[in-house]
Amino acid sequence: MTKVAIAAGAFVTATLMSTGAQAQQKQLTLCWAAWDPANALVELSKDFTAKTGIAMKYEFVPWPNFAQRMLNELNSKGKLCDLLIGDSQWIGSAATEGHYVKLNEFFDKNGIKMSDFMPATVTGYSEWPKNTPNYWALPAMGDAVAFTYRKDWFARPELQAEFKKKYGRALEAPKTWDEFKQVGEFFQNRMIDGKKVYGAALYTERGSEGITMGVTNTMYAYGFDYENPKKPYEMKGFVNSAGAAKGLKLYKDLYDCCTPPGHSNAYMTEDLDAYKSGQVAMQMNFIAFFPGISKDPNVGGEKTGFFAIPKGDKHFAQLGGQGISVVKYSDKKDMALDYLKWFAQPSVQKKWWDSGGFTCHTAILNAPGFDKSTSYAKVFLDSMKIVKDFWAEPTYAQLLLAMQNRVHDYVVAGKGTPQAALDSLEKDWEEVFKEDGKLK
């Protein structure tokens, strides 16, 4: 669920067109967010045009406007997009409201097997209802929340010695949330190279989905669940369990102890800025940004390391990423399906990974040496094995807004208690599902 938010990457408006009247007629428009992976897809898709003669046009929208723009387009049955790389949580509404083409028959006819893709990405990006063989997208962009850290700072002998004396262990990438807090406190307000630095940049943004994408990582770790696995939409004691409250309190503790001043409404771009400018020792962000960080002149190369979301009593990471769908209202559905058939090929998926995209294809991910193919490949593999996603219900926007408000009020504004925040959230969600006819 790389989501509705500000993200790095230049705004891209790109049109690749072959010459001649025939090429002008054979053209597809692909819609996505404007960020680095979209730029990589433009380059990759030149091969599709070369092989098929079908030109590609792109509508890339900055993250703050992406959801509103694309959902308005779908709801109005617009013909702008032939292909759409849409957020994972849109799948419920897109399927039930008929915005996407159902792909089962196409997959069967062309030998595209969902078993060839990472299970978490099939569930997260393609299925509705969840855990049923009803497919509305091809997994396109695997992603999850993880961390970067200043490997060069951690390696300094004087800091290693001081940390070892204080905590009795080596200063290294934290594996548990307790260790993470210790590292964050260790770096908070420390002077490094004559500059005051801070522990960690975390997600705190309120307006779209930022703080939810952050806080779920600690809440999952101590028992938060969306519903009773044996009884759909029964949320009491799962959303607001004692463990979920513990995880929420931990996130507030981390915000209070270890974030930079003024980091109260931060999402992808703000965390990237804090990290790249040398403000923080650790940064929470989607793995999609790790290729850019590894190449950054200030913090790239050997200066940065990567680690997966730490463990609590349990071990989960918030899912990011998207699938690619054929828009039902397109007049070029056959050509759009040709693009999916091309994109699904293992050879294309390998090139997708090599160019800075994030493949979900197991033939690539399970290949010998994949985990060492980049500095962030192992973190990607490890993270995608522990992902968990937010609601993908047709009413997800209302569910998300309620959570944003409740957790931001507690974590950032300091209102009430974690248990009270989650008790209120559980009631909010009950009301949404009652209005939707899913609860009596």
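Preceding block: the structure.
What counts, and where the lines are drawn
Residues numbered from 1 in each chain as written. Predicted model: local features only at pLDDT ≥ 70, side-chain atom pairs only at ≥ 80, totals over all residues. Heavy atoms only, no water. Helix = DSSP H or I, 4+ residues; strand = E, 2+ residues; numbered from the N terminus. Rg over C-alpha atoms; globule rule 2.2 N^0.38 Å. Buried < 20%, exposed > 50% of the residue type's maximum accessible area, 1.4 Å probe, protein only. Areas by Shrake-Rupley, 256 points an atom, 1.4 Å probe, with all protein chains shown as cover. Lys, Arg positive; Asp, Glu negative; His and termini not counted. Charge placed at Lys NZ, Arg CZ, Asp CG, Glu CD. Core = buried A, V, L, I, M, F, W, Y, C linked by side-chain atoms within 4.5 Å. Contact = heavy atoms within 4.5 Å. Phe/Tyr/Trp six-rings, centres within 6.5 Å; stacked < 30°, edge-to-face > 60°. Pairing = 2+ DSSP bridges. Right-handed = clockwise from strand over helix to strand, strands pointing away. Disulfide = S-S within 2.5 Å. Salt bridge = Lys/Arg side-chain N within 4 Å of Asp/Glu carboxyl O.

A. Main features of the overall build of the chain. On a plain count of helices and strands, the chain comes out with 19 helices and 11 strands. Relative to a compact globule of 440 residues, whose C-alpha radius of gyration would be 22 Å, the chain shows 22 Å and is just as compact. Projected onto its principal axes, the C-alpha coordinates of the chain cover approximately 70 × 55 × 35 Å. Relative to its 440 residues, the chain shows a buried fraction of 58%. Here the chain displays about 17300 Å² of accessible surface, and carbon together with sulfur accounts for 51% of that area. Once the 52 positive and 50 negative side-chain charges of the chain are each reduced to a mean point, those two points are 2 Å apart.

B. Looking closely at unusual backbone geometry. For the bond running from Trp128 to Pro129, omega is -5°, close enough to zero to count as cis. Structurally, the position occupied by Pro129 is in the loop between α6 (119-126) and β5 (138-150). A positive phi angle, close to 70°, is found at Tyr233, a residue other than glycine. Structurally, the position occupied by Tyr233 is in the loop between α10 (210-221) and α11 (242-258).

C. View of the nonpolar core. With 157 residues, the main nonpolar core has Leu30, Trp32, Tyr339, Phe343 and Trp429 as its most contacted residues. Among residues more than four places away in sequence, those in contact with Trp429 are Phe224, Tyr226, Met235, Val239, Phe390, Trp391, Leu399, Ala402 and Met403.

D. Region of the structure containing the packing of aromatic side chains. Counted under the stated rule, the structure contains 49 aromatic pairs. For the ring pair Phe358 and Tyr376, a centre distance of 5.9 Å and an interplane angle of 40° mean the geometry is tilted. Linking Phe358 in the loop between α15 (346-354) and α16 (362-365) with Tyr376 in the loop between α16 and α17 (377-384), this pair joins segments that are 18 residues apart in sequence. For the pair shown, Phe358 and Tyr376 are each scored as buried. Here Phe390 and Trp429 contribute two aromatic rings whose centre-to-centre distance is 6.1 Å and whose plane-to-plane angle is 75°, an arrangement assigned as edge-to-face. Within this pair, whereas Phe390 is found in the loop between β11 (387-388) and α18 (396-411), its partner Trp429 is found in helix α19 (residues 418-435), the two being separated by 39 residues in sequence.

E. Structural detail: the pairing of strand β3 (residues 55-61). The buried fraction of β3 amounts to 6 of the 7 residues, a majority that puts the element mostly inside the structure. Pairing analysis gives 7 bridges linking strand β2 (residues 27-33) to β3, with the strands arranged parallel. The partner of Thr29 across the bridge, within β3, is Lys57. A crossover links β2 with its parallel partner β3, the connecting element being helix α2 (residues 36-52), and its sense is right-handed.

F. Fine view of the state of the cysteines. Under the defined criterion, the tally for this structure stands at 2 disulfides. A disulfide bridge connects Cys31 with Cys81, and the sulfur atoms are separated by 2.0 Å. One disulfide, between Cys31 and Cys81, carries an S-S torsion of -95° and so falls in the left-handed class. Placement of the pair is Cys31 in strand β2 and Cys81 in the loop between α3 (63-75) and β4 (83-87), with a sequence separation of 50 residues.

G. Fine view of the pattern of salt bridges. The tally for this structure, following the rule as stated, stands at 23 salt bridges. Across the salt bridge formed by Arg206 and Asp409, the nearest N and O atoms sit 2.6 Å from each other. On the criterion of sequence distance, the pair formed by Arg206 in the loop between β7 (195-201) and α10 and Asp409 in helix α18 is long-range, its members being 203 residues apart. Arg206 gets classed as partly exposed once you look at its relative accessible area, which sits at 30%. We note a salt bridge from Lys438 to Asp436, for which the minimum N-O separation is 3.4 Å. Taking the relative accessible area as the measure of exposure, Lys438 reaches 31% and is therefore partly exposed. One salt-bridge network, held together by shared partners, links Glu393, Asp436 and Lys438.

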